[in-house]
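Summary of structural features
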Amino acid sequence: MSFTGAQPSAVHPGFERAAIVDTAAIRHNVRTIADYVRPAKVMVAVKADGYGHGALTTAQAALEGGADWLGTAHVTEALSLRRAGIEAPILAWLHTRGTNFAEAIEDHIDLGISGWELDEVAAAASRLQTPARVHLKIDTGLGRNGATAAAWPELTQRAYRYQEEGLISVDGIFTHLAVADEPDRRETDEQLEAYRQALAVAEENGIVPDLRHVANTPAALSRPDAHFDMVRVGVGVYGESPFADRSAADLGLKPAMELRTTVANVKRVPAGQGISYGLTHRVDAPTALALIPLGYADGIPRIAVHAPVSINGHVYRSAGRVAMDQFVVDLGSEDAPVSVGDQVVLFGGESGISAADWGEAAHTINYEIITRIGARVPRIVTDSGDATEAE
Ligand SMILES: *Cc1c(COP(=O)(O)O)cnc(C)c1O
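Here is what the cut-offs are and how they apply
- Residues numbered from 1 in each chain as written.
- Predicted model: local features only at pLDDT ≥ 70, side-chain atom pairs only at ≥ 80, totals over all residues.
- Heavy atoms only, no water.
- UniProt positions renumbered as here; feature names shortened; annotations may be inferred.
- Helix = DSSP H or I, 4+ residues; strand = E, 2+ residues; numbered from the N terminus.
- Rg over C-alpha atoms; globule rule 2.2 N^0.38 Å.
- Contact = heavy atoms within 4.5 Å.
- Areas by Shrake-Rupley, 256 points an atom, 1.4 Å probe, with all protein chains shown as cover.
- Lys, Arg positive; Asp, Glu negative; His and termini not counted.
- Charge placed at Lys NZ, Arg CZ, Asp CG, Glu CD.
- Buried < 20%, exposed > 50% of the residue type's maximum accessible area, 1.4 Å probe, protein only.
- Pairing = 2+ DSSP bridges.

Going by an unreviewed UniProt entry, the protein chain carries the name Alanine racemase and comes from Nesterenkonia flava. The protein chain has a UniProt comment under Function (unreviewed entry) that states "Catalyzes the interconversion of L-alanine and D-alanine. May also act on other amino acids."

In structure tokens, the structure reads:
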């Protein structure tokens, strides 16, 4: 109903392994989130190559779906988008001494500022005779980037002076939440309270930005009091749930990535056959094994055991260790109806398997599964269309 179920092997004759990215799903997810948070704006996080989906593909689809802003960790990621022709506002928030702030200013990249960056950014703006647009970041409890509450008054005063000198304009104040994926935890309330106090301190020091932003995907979907002027969403845009107890479908989101390949080999083996390095698994009865040509070099976690794999629409389980290039599925019977070349889906599409299921098998989360799909896996961009939007 939602997916038109494109058969990539037919569409792409050379296809061996592919992460199929559906831009219609990305547009749908952005619209769904934008409708939910309105009138707040939507910044879509396209860092880490769009969580593995392709930064440019994601950026374009997100903007078509109604995103107002794009977000990246690094200035280099933002610059690549500019060079590819993206004109939307972009914020980059994780910098090092090697970060080229001048290039960022010239290419109209907004800069997240946690502390030490401010003087360097102001100096670059002064050299270029172009004001830098910055978003000041307060650490309200996550303990990563962002100014501490103790450093905040001085940072906002300094920012005010630079703003008066015409070297910067403070367009935003933001923070990042630590436990929004567990909506019942009180620490989110404490972070929101600390954020409001930081806004008040900034205002006392003359800084009143247009864009106050706090919420990641889980907060956008569970904490309307965290929406402020804009939300910064990533995982939901890719159609993944940030919550342990709610699926993407529960949230009205469509997974944007389907990881496919075909069966590389099938063979019958006797009871006692060991499987893969370390022989951590032996079959206890005669069976057939299917070889799946994706391994940890492709982002399939080596630690994943008993992970679900759809072959010809039927879900089997992996057996033994994932190797660099491949892993094995126990088909459970010598006569399983599986042959070389049959269609394999690890997650997404109509498989009924989610990246979160793989996360569970590998003691990690869906974010890591989708983001780490390796460069050796071609991304095939499809567009299943917006037909279902009318329903
Ligand atoms: C990655 C990131 C986000 C998006 O988080 P999701 O949980 O994927 O929605 C938001 N804000 C910051 C600062 C981030 O680094």
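1. Digging into the overall build of the protein chain
Counting its regular elements, the protein chain contains twelve helices and 19 strands. In summary, the protein chain has a C-alpha radius of gyration of 24 Å against a globular reference of 21 Å for 391 residues, a match within 12%. When the backbone C-alpha atoms are referred to their principal axes, the protein chain occupies close to 75 × 45 × 40 Å. If you take every contact in the protein chain between residues at least 6 apart in sequence, the share linking residues at least 24 apart comes to 66%. For the protein chain, the accessible surface area stands at approximately 16900 Å², while carbon and sulfur atoms represent 50% of it. One way to put it: in the protein chain the 33 positive side-chain charges average out to a point 4 Å from where the 51 negative ones average out.

2. So, the pairing of strand 15 (residues 308-311)
Where burial is concerned, the two faces of strand 15 agree: the one with Pro308 and Ser310 and the one with Val309 and Ile311 are both buried. Relative to strand 16 (residues 314-319), strand 15 is paired through four bridges, and the arrangement is antiparallel. Bridge pairing in strand 16 links Ile311 to His314. The loop that links strand 15 with its antiparallel partner strand 16 comprises two residues; one of these, Asn312, has a positive phi angle of about 50°. Here strand 15 runs beside strand 18 (residues 343-347); their pairing, made up of two bridges, is antiparallel. Looking across to strand 18, one finds that Ser310 is bridged to Val345.

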